[in-house]
Amino acid sequence: GENVEQHPSTLSVQEGDSAVIKCTYSDSASNYFPWYKQELGKRPQLIIDIRSNVGEKKDQRIAVTLNKTAKHFSLHITETQPEDSAVYFCAANSGAGSYQLTFGKGTKLSVIP
Amino acid sequence: KAGVTQTPRYLIKTRGQQVTLSCSPISGHRSVSWYQQTPGQGLQFLFEYFSETQRNKGNFPGRFSGRQFSNSRSEMNVSTLELGDSALYLCASSLAGPSYNEQFFGPGTRLTVL
């Protein structure tokens, strides 16, 4: 089955700096890669996703890049703000057409004012 | 539209007991997935249902089971509880499946096994 590894497990940045979180996946048939943000005590929420026919996707201060050859994808947050502090999870579906998402173990991002 | 709801929000059980958790998806959503969230392991996939059919099952023992009703509401059951089953159980709904449409999570049920 799919295996998703996420790094780093914790990340501290100064407000205004950029943050990068990286994930690798094992199943070359995976074609959908979402990112979720979970604030303390709240439910995970989708913040951005990318499909395998696209190499990069942006939404304001957030971007995701995908390298299918290397089987890794990354989340980039620019101009970080204190409200970006949360745990971020990457995920991948387990093969094309799969009804299962496999999640990384999460990155706790702290933005220091 | 109302969001995904889960009941109960908190449960305390003892080892050996069984428990049933309920999830009501967003109206119109036919896919419901269940996840176990623990501090060290992140979110682990339990199973996914669509139109009352289980389409995928994660790597959990047979003590974990689920079902989906014709109105898309879903339940999961854990029998013979173990201490290691203590976790936050999250369900998530989407229109057709987590790979096809955005998946919306419920608030979770916090299960504590003593």
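Check the entry above for the structure.
Residues numbered from 1 in each chain as written. Chains lettered and ligands numbered in written order. Predicted model: local features only at pLDDT ≥ 70, side-chain atom pairs only at ≥ 80, totals over all residues. Heavy atoms only, no water.

Novice: When you look at the interface of chain B and chain A in this model, what are you seeing that I'm missing?
Specialist: Many structure descriptions define interface size as the accessible area lost when the parts assemble. Listed by partner, the interface residues are 21 residues for chain B and 16 residues for chain A. For the pair chain B and chain A, the two sides together bury roughly 1,800 Å², of which 51% comes from carbon and sulfur. There are zero salt bridges connecting chain B and chain A. Here chain B and chain A share nine residue pairs in polar contact (both at pLDDT 80 or more) between them. Sorting the residues of the side of chain B that touches chain A by element identifies β4 (31-38), β5 (42-50) and β6 (53-57) of chain B as the ones contributing at least two each. Among the elements that take part in the side of chain B that touches chain A, β5 of chain B stands out by supplying four residues, more than any other. Taken together, the residues of the side of chain B that touches chain A break down into nine nonpolar, eight polar and four charged. (Contact = heavy atoms within 4.5 Å. Buried area = accessible area lost by both parts, 1.4 Å probe. Salt bridge = Lys/Arg side-chain N within 4 Å of Asp/Glu carboxyl O. Polar contact = N/O pair within 3.5 Å; in protein donor to acceptor, adjacent residues only side chain to side chain. Helix = DSSP H or I, 4+ residues; strand = E, 2+ residues; numbered from the N terminus. Nonpolar A, V, L, I, M, F, W, Y, C, P; charged D, E, K, R; others polar.)

Novice: Before we go on, may I ask you to explain the state of the cysteines in this structure?
Specialist: Think of a disulfide as a covalent bridge from one cysteine sulfur atom to another cysteine sulfur atom. Residue and element names in this part refer to chain A. Going through the model one piece at a time under the given rule, you end up with two disulfides over all chains. The side chain of C23 participates in a disulfide bridge whose partner is C90; the two sulfur atoms lie 1.9 Å from each other. Residues C23 and C90 are joined through a disulfide that is left-handed, its torsion about the S-S bond being -100°. You can see C23 sitting in strand β3 (residues 19-25) and its partner C90 sitting in strand β9 (residues 86-93), a full 67 residues away along the chain. Overall, the relative accessible area of 1% leaves C23 in the buried class. (Disulfide = S-S within 2.5 Å. Buried < 20%, exposed > 50% of the residue type's maximum accessible area, 1.4 Å probe, protein only.)

Novice: Would you mind showing me how to read the layout of surface pockets here?
Specialist: To find leftover empty space, one rolls a probe the size of a water molecule over the atoms. Space inside the largest pocket adds up to approximately 730 Å³. Around the largest pocket, the lining is made up of 29 residues, and of these Q38, L40, G41 and V87 of chain A together with Q37 of chain B lie nearest the centre. Where the lining of the largest pocket is concerned, the elements lending two or more residues are β9 and β11 (107-112) of chain A together with β4 and β11 (109-113) of chain B. Sort the elements by how many residues they give to the lining of the largest pocket and β11 of chain A lands first, with four residues. In terms of residue class, the lining of the largest pocket is made up of nine nonpolar, 13 polar and seven charged. Counted as a void, the second largest pocket has a volume near 420 Å³. Every residue lining the second largest pocket is counted, 19 residues in all, and those nearest its centre are E2, T102 and F103 of chain A together with L43 and Q44 of chain B. Of all the elements in the fold, those that place two or more residues in the lining of the second largest pocket are β1 (4-7) and β10 (101-103) of chain A together with β5 of chain B. (1 Å grid on protein atoms, 1.4 Å probe; cavity = no way out; pocket = protein on both sides within 12 Å on 5 of 7 lines; lining within 4 Å. Points joined across faces, edges and corners; volume = space filled by probe spheres on them.)

The values reported here are purely geometric and, on their own, carry no functional implication.
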